[in-house]
Amino acid sequence: MRQQRVSFKPGSSSAVVNGTIKGDATIDYVLGAAEGQMMSVALESSSASISYNALPPGSEAAIAIGENVGKKLERKPSGERRVPGTRVPGTQRGAAGESGAYTLTGGITGRADAMVKGTTYHVTGLAPCSIGTDPKGSAKCSFGVVRAAGGRAEVHLAAPGFDVKMHKDDPRILRFDGKAVTRSNAKDRVTATRQGDNWLVAVNGFNFYTIPDAVIAGG
């Protein structure tokens, strides 16, 4: 099994993924739908054995099964189910030797989840962080996140001991877009690696942050 986040081009509310799959292989496609938005999935395939399940984050319990609901799905994520994955199994009905091509169209429309009262952030909280030679994750940094469609987000981070909701003048801003993490300040040097469901981000080799996927896209 492998996982792939579906990223949208700027200004677009949908993306098309073409692929082939064989045997009992499985691919998880992740769509970053937030509270109040509508997620849509459409699957076209060359083999009747290729289908999909829609899954909430961190769970194997499908909230929709393609064989039951058809090749097209529209679903409004509710509560904490904000990042449904679209799982494309390679084969079903015992057709373990089959292979086929597919086209998956994923879309997200509508207004994102409501803001935290008194802020411009969809979510606020604390993220593990550290400075210099301090042990990684030994402190907590206040963050606020502004989410956009397609799993894109800006994460604003205050220094340890400060509250991003109160100290709004000069937060550090990291931009997340699919597989990339970029900076808003051209003077900052940012490196980012993946560890499980987290981004490990270093800024100028001195400030270190652990940003979970759930912060970026919900769930």
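Residues numbered from 1 in each chain as written. Predicted model: local features only at pLDDT ≥ 70, side-chain atom pairs only at ≥ 80, totals over all residues. Heavy atoms only, no water.

**Quick word on the state of the cysteines**
Okay, so step 1: A complete count under the given rule lists one disulfide for this structure.
Okay, so step 2: Covalently, C129 is tied to C141 through a disulfide, its sulfur atoms 2.2 Å apart. Looking down the S-S bond of the C129 and C141 bridge, the torsion is 90°, so its handedness is right-handed. Here C129, found in strand 10 (residues 123-131), pairs with C141, found in strand 11 (residues 139-147); they are 12 residues apart in sequence, far enough to count as distant. (Disulfide = S-S within 2.5 Å. Helix = DSSP H or I, 4+ residues; strand = E, 2+ residues; numbered from the N terminus.)

**Some details on the sheet that holds strand 2 (residues 14-22)**
Okay, so step 1: Read from one edge to the other, the open sheet built from four strands follows the order 2-9-4-7, with strand pairing classed as antiparallel. One side of each edge strand has no neighbouring strand; the edge strands of this open sheet are strand 2 and strand 7 (72-75). For this sheet the average axis-to-axis angle between neighbouring strands, irrespective of direction, equals 15°.
Okay, so step 2: Alignment of strand 2 against strand 9 (residues 99-109), held across nine bridges, turns out to be antiparallel. Across the sheet, V16 pairs through a bridge with T105, a residue of strand 9. (Pairing = 2+ DSSP bridges. Axes fitted to C-alpha atoms, helices over the stretch in contact; angles between N-to-C directions.)

**Here we look at the layout of surface pockets**
Okay, so step 1: Its boundaries defined by the atoms lining it, the second largest pocket holds a volume of some 320 Å³.
Okay, so step 2: Considering the residues around the second largest pocket, the lining is formed by 15 residues, among which L157, D170, P171, R172 and I173 are closest to the centre.
Okay, so step 3: Secondary-structure elements contributing two or more residues to the lining of the second largest pocket are strand 13 (172-177) and strand 17 (207-212).
Okay, so step 4: Of the residues belonging to the lining of the second largest pocket, the class tally is eight nonpolar, four polar and three charged. (1 Å grid on protein atoms, 1.4 Å probe; cavity = no way out; pocket = protein on both sides within 12 Å on 5 of 7 lines; lining within 4 Å. Points joined across faces, edges and corners; volume = space filled by probe spheres on them. Nonpolar A, V, L, I, M, F, W, Y, C, P; charged D, E, K, R; others polar.)

**Points about the pattern of salt bridges**
Okay, so step 1: Inspection of the entire model under this criterion finds four salt bridges.
Okay, so step 2: Among the salt bridges present, the one from R175 reaches E154, with a minimum N-O distance of 3.0 Å. Of this pair, R175 sits in strand 13 while E154 sits in strand 12 (residues 153-157), placing them 21 residues apart in sequence.
Okay, so step 3: A relative accessible area of 25% means that E154 is categorised as partly exposed.
Okay, so step 4: For R194, the salt bridge goes to D213, with nearest N and O atoms at 2.7 Å. (Salt bridge = Lys/Arg side-chain N within 4 Å of Asp/Glu carboxyl O. Buried < 20%, exposed > 50% of the residue type's maximum accessible area, 1.4 Å probe, protein only.)

**Topic: the side chain of S142**
Okay, so step 1: With respect to the element layout, S142 can be found in strand 11.
Okay, so step 2: When its relative accessible area of 6% is taken as the criterion, S142 is described as buried.
Okay, so step 3: Those residues in contact with S142 that sit more than four places away from it in its chain are G125, L126, H156, L157, A158, F162, D163 and V164. (Contact = heavy atoms within 4.5 Å.)

**Some points on the side chain of D188**
Okay, so step 1: Structurally, the position occupied by D188 is in the loop between strand 14 (180-183) and strand 15 (190-195).
Okay, so step 2: Its relative accessible area of 13% is what places D188 among the buried residues.
Okay, so step 3: In this structure the side chain of D188 is engaged in a polar contact, spanning 3.1 Å, whose partner is the side chain of N204.
Okay, so step 4: With residues up to four places along the chain from it excluded, the contact list for D188 reads R172, R183, V203 and N204. (Polar contact = N/O pair within 3.5 Å; in protein donor to acceptor, adjacent residues only side chain to side chain.)

**Re unusual backbone geometry**
Okay, so step 1: A positive phi angle, near 60°, is found at N204, a position not held by glycine.
Okay, so step 2: Positionally, N204 belongs in the loop between strand 16 (198-203) and strand 17.

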